[in-house]
Each structure stands twice: as C-alpha cells, then as structure tokens.
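# Close look at the chain arrangement
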Amino acid sequence: MTKAISPLLPIVYSKEVAAAKVRGAPIVALESTIITHGMPFPGNLEMARSVEAIIREKGAVPATIAVIDGILHIGLEDAQIAALAQMTGVMKLSRADIAFALAERRSGATTVAATMIAASRAGISVFATGGIGGVHRGAEESLDISADLEELARTPVIVVSAGPKAILDIPKTLEFLETRGVPVVTYDSEEFPAFWSRDSGLRSPLSLSSPAAIANFQRMREQLGIEGGMLIANPVPEEHEIPREEMEIYIGRALASAEREEVTGKDVTPFLLDNIFHLTAGRSLKTNIALVENNARLAAEIAVAMND
C-alpha cells in the first residue's frame with residue numbers, strides 16, 4: 001500500500017502526470033541517471049524523448065523522475081528533459097542521498113533505487129530502466145553491492161530491465177535477490193539475460209510470457225501481503241544484441257582499465273560503460289538504446305494490465 005505523501009515533501013508533478021493521476025491512467029516511472037550519466041548529448045536527449053513516446057504509444061503516461069534545485073519532479077516537461085540532458089556536475093542519487101539533495105536544494109539524477117522510492121511515494125507501481133545495479137565483480141573484497149538490490153527487496157515497484165548490467169557478477173546478484181525474496185522473472189524466455197546479451201549462461205528463476213500474467217503475479221503477491229518489488233528481466237531484441245562471449249572480452253579490458261586508474265564507488269559504472277562504448281566502436285550504446293526502448297514498451301504494457 002502506498003504511503004501518503006507529506007505536504008512538506010517538495011514534490012512537483014508534470015502536467016501530463018498530474019492529469020494521469022486524476023483520471024487513474026497507467027503511469028510508468030523512468031530514471032534520470034541514464035540521461036545524465038549513461039549516454040552523451042545529444043543521444044541521451046533523443047533516447048529520453050523516444051522512450052517517453054513509446055510509453056505513450058502503448059497507452060500509458062511516462063514519468064521521468066529527477067531532483068532539480070531541491071524539488072522532486074515526478075514527470076518532466078520537455079524543456080526540463082532537454083536541460084537535464086546537458087547538465088554537468090549533477091549528483092547521482094540513490095537511497096543514501098536523495099533526501100540530502102532535497103534538503104540542500106541540489107540537483108540530482110535518480111538511480112534505480114532512488115527512482116523506486118520516488119515512484120512508490122507517488123503511487124506509481126511500474127518502472128522501466130536499462131539495467132539494474134547489483135553485486136560487483138570482486139565484491140568479496142570490495143563489498144561493492146548496489147543499493148538497487150535492497151530497494152527491490154523493500155519497495156513495491158515492478159522494475160523492468162534487461163537484467164543486471166553485464167559488468168556485474170550476475171550469479172552473485174541472482175543469489176542476493178533470492179536471499180532477499182525478490183522475484184526474478186524473465187519475460188518470454190527461460191534464459192536469464194545479461195544486458196547487452198540475450199543469454200547470461202544462467203537459467204532464469206521464473207518465466208512469464210505476457211504482461212497480464214506479470215500483473216496477475218503482482219496482484220497475488222499483494223493479496224498475500226508480501227512486501228517489496230519484482231524484477232522483470234526483458235531480453236534485448238535479437239537483432240540488437242552483442243553476444244555474451246564477445247562482450248566478456250570488452251568487459252575484461254574495461255575492468256582492467258578501472259583497476260589501473262583506481263576508479264571506485266559511484267564512478268565505476270559510468271567509467272566502465274564509457275570504456276566499453278569505445279571498445280565496441282559505439283555498438284554498446286546502440287544496443288543500450290534498443291534495450292531501454294524495449295523495456296519501456298513492456299513496462300507500459302504491464303502498467304496497462306495492472307490498471308485493468
């Protein structure tokens with residue numbers, strides 16, 4: 001059950017999202033770090049507009065979430081998206097610091113965890129992203145585990161992604177999610193995807209083949225009083241994938257570069273993605289855009305099914 005929003009919380013809805021809430025229309029949340037930290041301008045702006053258009057075409061309303069000058073925005077106007085796409089020095093917000101950005105009147109882009117928190121507070125139950133964070137390779141020494149995983153265990157939002165980012169330790173990420181009781185469902189496949197690749201080499205814990213089945217599963221969890229979210233792993237379309245064997249070569253090289261340059265914390269993922277972009281001569285970015293659009297499509301279909 002969604003908690004009421006405090007009147008003291010500095011929150012603003014876009015005109016489109018506000019109207020959707022009034023008429024009870026399905027809404028899909030979207031993160032903003034993919035705009036500020038995931039892709040270069042102007043490709044990030046084109047991607048953001050494309051994803052929102054896809055959600056509208058499928059009968060739902062997009063709600064890109066970000067903190068701008070200490071205000072939590074649930075849905076952005078087009079001019080705000082354009083401005084965000086060109087901002088520099090924007091904070092990358094997760095559970096630990098989203099309240100800090102609001103309290104200090106800062107601007108920040110929301111990660112998966114922060115977007116889930118904001119979406120839940122706004123009564124939005126479906127969220128589309130590219131890939132979730134997870135257990136990093138070498139986490140047995142670094143203890144580098146994304147807050148996204150704990151958020152999935154506690155916040156009631158369906159997260160549609162192409163699986164964990166392939167730069168992570170996917171087997172350990174799945175083990176963590178299982179331990180925390182998070183359902184992991186691969187859409188229309190028995191094989192668990194690995195972001196740029198349709199197959200991670202691992203079998204999916206669960207599989208469903210329709211948005212209606214996913215919506216029904218979530219309703220049953222709610223009836224049982226089971227807390228937390230659900231991860232829907234949506235394989236990238238076959239024509240856009242980069243095979244896992246090929247990606248592992250690029251990921252290995254990028255990880256070696258990060259180690260040499262002593263990159264740590266929140267800087268690791270953007271550093272690795274940028275390295276992989278150059279190693280693949282831009283192919284990884286094209287695949288990234290394709291999978292985000294594919295996830296938006298499925299998320300909108302799930303939101304519509306949840307609304308029926």
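Right, let's walk through the structure included here. Since the model is a prediction, treat every value here as computed from it, not as a measurement.

The next point concerns the packing of aromatic side chains. Tallying each qualifying case throughout the model produces one aromatic pair. Taking the centre distance of 4.8 Å and the plane angle of 80 degrees together, the rings of phenylalanine 195 and tryptophan 196 count as edge-to-face.

Between its first and last C-alpha, helix α11 (residues 244-260) extends 24 Å over 17 residues, near the 24 Å set by a 1.5 Å rise per residue. Within α11, the full set of buried residues consists of Met247, Tyr250, Ile251, Ala254, Ser257 and Ala258. Buried residues along α11 cover an arc of 120 degrees about the axis, so they all sit on one side. Of the residues in α11, the exposed ones pointing more than 90 degrees away from the buried face are Glu245, Glu259 and Arg260. Residues of α11 that are buried make contact with β11 (197-203), α12 (268-279) and α13 (283-307). Where α11 terminates, the next one or two residues include glutamate 262, which has phi positive at roughly 55 degrees.

Attention shifts here to the packing of α11 against α12. Between α11 and α12, the least distance of the axes is 9 Å, while the angle of their chain directions is 130 degrees. Judged by the inter-axis angle, α11 sits oblique to α12. Here α11 and α12 pass one another in a crossing that is right-handed. Between α11 and α12, the residues in contact are Met247, Tyr250, Ile251, Arg253, Ala254, Leu255, Ser257 and Ala258 and Phe271, Leu272, Asn275, Ile276 and Leu279, respectively. Split into classes, the residues belonging to the contact of α11 with α12 amount to 10 nonpolar, two polar and one charged.

Rules used throughout
- Residues numbered from 1 in each chain as written.
- Predicted model: local features only at pLDDT ≥ 70, side-chain atom pairs only at ≥ 80, totals over all residues.
- Heavy atoms only, no water.
- Phe/Tyr/Trp six-rings, centres within 6.5 Å; stacked < 30°, edge-to-face > 60°.
- Helix = DSSP H or I, 4+ residues; strand = E, 2+ residues; numbered from the N terminus.
- Expected span 1.5 Å × (residues − 1).
- Buried < 20%, exposed > 50% of the residue type's maximum accessible area, 1.4 Å probe, protein only.
- Arc of directions from axis to C-beta.
- Contact = heavy atoms within 4.5 Å.
- Axes fitted to C-alpha atoms, helices over the stretch in contact; angles between N-to-C directions.
- Parallel < 35°, antiparallel > 145°, perpendicular 65-115°, else oblique.
- Left-handed = near helix turned anticlockwise from the far one by under 90°.
- Nonpolar A, V, L, I, M, F, W, Y, C, P; charged D, E, K, R; others polar.

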